[in-house]
Amino acid sequence: MAFDPRILASLQRPLWDALKKTINRLVNKVTVSNVRNVAKELLSENLIWGRGLFCSAILKTSIASHTFTPVFAALVAAINSRYP
């Protein structure tokens, strides 16, 4: 039995939107004092599936807040140490 692509897309879209909201919330929450905790929370999400979402969230937030760019770099380094 073959799956209809429209049904599969309608099932995946809410999961994708929830992952996007979660990643954006966590990236916006990061500070110098909680980089480790946010990295652990991000690693519990499906970053393999949402790696593009993570990259765009980091870039958008970094552009909006230049003072936190080193904090975002530390977060990316922590995530990259788990997913080379």
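Scroll up for the structure.
Quick caveat: nothing in here was measured; it's all calculated off a predicted structure. (Residues numbered from 1 in each chain as written. Predicted model: local features only at pLDDT ≥ 70, side-chain atom pairs only at ≥ 80, totals over all residues. Heavy atoms only, no water.)

Chemist: A description of the overall build of the protein chain should follow, citing residues and the corresponding values.
Modeler: For the protein chain, the helix and strand inventory stands at four helices and zero strands. Along the first, second and third principal axes, the C-alpha atoms of the protein chain reach 50 × 25 × 20 Å. Within the protein chain, the fraction of its 84 residues that count as buried is 29%. Here the analysis covers contacts within the protein chain between residues at least 6 apart in sequence; of these, 70% occur between residues at least 24 apart. Working note: accessible area of the protein chain is about 6000 Å², and carbon and sulfur atoms make up 63% of it. Of the charged side chains in the protein chain, 11 are positive and 4 negative; the average position of the first set lies 8 Å away from that of the second. (Helix = DSSP H or I, 4+ residues; strand = E, 2+ residues; numbered from the N terminus. Buried < 20%, exposed > 50% of the residue type's maximum accessible area, 1.4 Å probe, protein only. Contact = heavy atoms within 4.5 Å. Areas by Shrake-Rupley, 256 points an atom, 1.4 Å probe, with all protein chains shown as cover. Lys, Arg positive; Asp, Glu negative; His and termini not counted. Charge placed at Lys NZ, Arg CZ, Asp CG, Glu CD.)

Chemist: Pulling in residues and values, what's your account of the nonpolar core?
Modeler: I23, V27, V30, L42, F54, L75 and I79 are the most contacted members of the largest nonpolar core, which totals 18 residues. Put simply, the parts of the chain that give this core at least two residues each are α1 (5-29), α2 (35-43), α3 (51-64) and α4 (69-82). Those residues in contact with L75 that lie beyond four places of it in its chain are V30, V35, V38, A39, L42, F54 and I58. (Core = buried A, V, L, I, M, F, W, Y, C linked by side-chain atoms within 4.5 Å.)

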